[in-house]
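# Structural overview
Here are the chains, one letter per residue:
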Amino acid sequence: MKPGIHPAYEPVVLRDSASGTAFLTSSTMTSDKTVEWEDGNIYPVVDVEISSASHPFYTGTARVLDTAGRVEKFQRRYGAR
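Heads up: these notes are all about the structure in this document. Not measured: the values here are computed from a predicted model.

### A closer look at the side chain of Asp 16
Mapped onto the elements, Asp 16 comes out in strand β1 (residues 10–16). No salt bridge is formed by the buried Asp 16; the nearest opposite charge belongs to Arg 15, separated by 9.0 Å. Side-chain polar atoms of Asp 16 contact the side chain of Ser 19, separated by 3.1 Å. With sequence-adjacent residues up to four places away left out, Asp 16 is seen in contact with Thr 21, Val 48, Glu 49, Ile 50, Ser 51, Ala 53 and Ser 54.

### Let's talk about the pattern of salt bridges
Per the stated rule, a full pass over the model turns up two salt bridges. Across the pair Asp 47 and Lys 33 runs a salt bridge whose closest N-O atoms are separated by 2.7 Å. Taken together, the residues Asp 47 in strand β4 (residues 42–48) and Lys 33 in the loop between β2 (22–27) and β3 (34–36) connect sequence positions 14 residues apart. The exposure class assigned to Asp 47 is partly exposed, which follows from its relative accessible area of 37%. Judged by its relative accessible area of 45%, Lys 33 falls in the partly exposed class. Each of the salt bridges in this network shares a partner with another, and the network as a whole consists of Arg 15, Lys 33 and Asp 47.

### Topic: the environment of Asp 47
Sequence separation between Asp 47 and Val 13 is 34 residues; the distance between their C-alpha atoms is 8.5 Å. Residues in contact with Asp 47, not counting those within four places in the same chain, are Arg 15 and Lys 33. Side-chain polar atoms of Asp 47 contact the side chain of Arg 15, separated by 2.8 Å. One polar contact links Asp 47 to Lys 33, side chain to side chain, over a distance of 2.7 Å.

### Some thoughts on the pairing of β2
Here six bridges tie β1 to β2, and the two strands are oriented antiparallel to one another. Residue Val 12 lies in a different strand from β2, and its bridge partner there is Thr 25. In sequence, β1 turns back onto β2 through a hairpin of five residues, with Gly 20 there showing a positive phi of about 85°.

### Points about the side chain of Ser 27
Among the structural elements, Ser 27 can be located in strand β2. Among the polar contacts made by the side chain of Ser 27, one reaches the main-chain amide nitrogen of Met 29 at a distance of 3.1 Å. Setting aside residues up to four positions removed in sequence, Ser 27 forms contacts with Ala 8, Tyr 9, Glu 10 and Val 12.

Calculation notes
- Residues numbered from 1 in each chain as written.
- Predicted model: local features only at pLDDT ≥ 70, side-chain atom pairs only at ≥ 80, totals over all residues.
- Heavy atoms only, no water.
- Helix = DSSP H or I, 4+ residues; strand = E, 2+ residues; numbered from the N terminus.
- Buried < 20%, exposed > 50% of the residue type's maximum accessible area, 1.4 Å probe, protein only.
- Lys, Arg positive; Asp, Glu negative; His and termini not counted.
- Salt bridge = Lys/Arg side-chain N within 4 Å of Asp/Glu carboxyl O.
- Polar contact = N/O pair within 3.5 Å; in protein donor to acceptor, adjacent residues only side chain to side chain.
- Contact = heavy atoms within 4.5 Å.
- Pairing = 2+ DSSP bridges.

Structure representation (structure tokens):
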């Protein structure tokens, strides 16, 4: 990698605005806002709208489509000719 052209990869707190949970991770995102984390250190905090704590797929609230009904409807409409 070329030196001096890549953004800094540092610890940052990602806070989910939908559920209120926060994650300490490493990222190239930066922010002027800071928060004191559980370990006593101060990290920049980035607010995100959705994360694994509030996404329907990860929380188990995702809806499953009735694909069998769609296939049957297609077969009725355009069945074997």
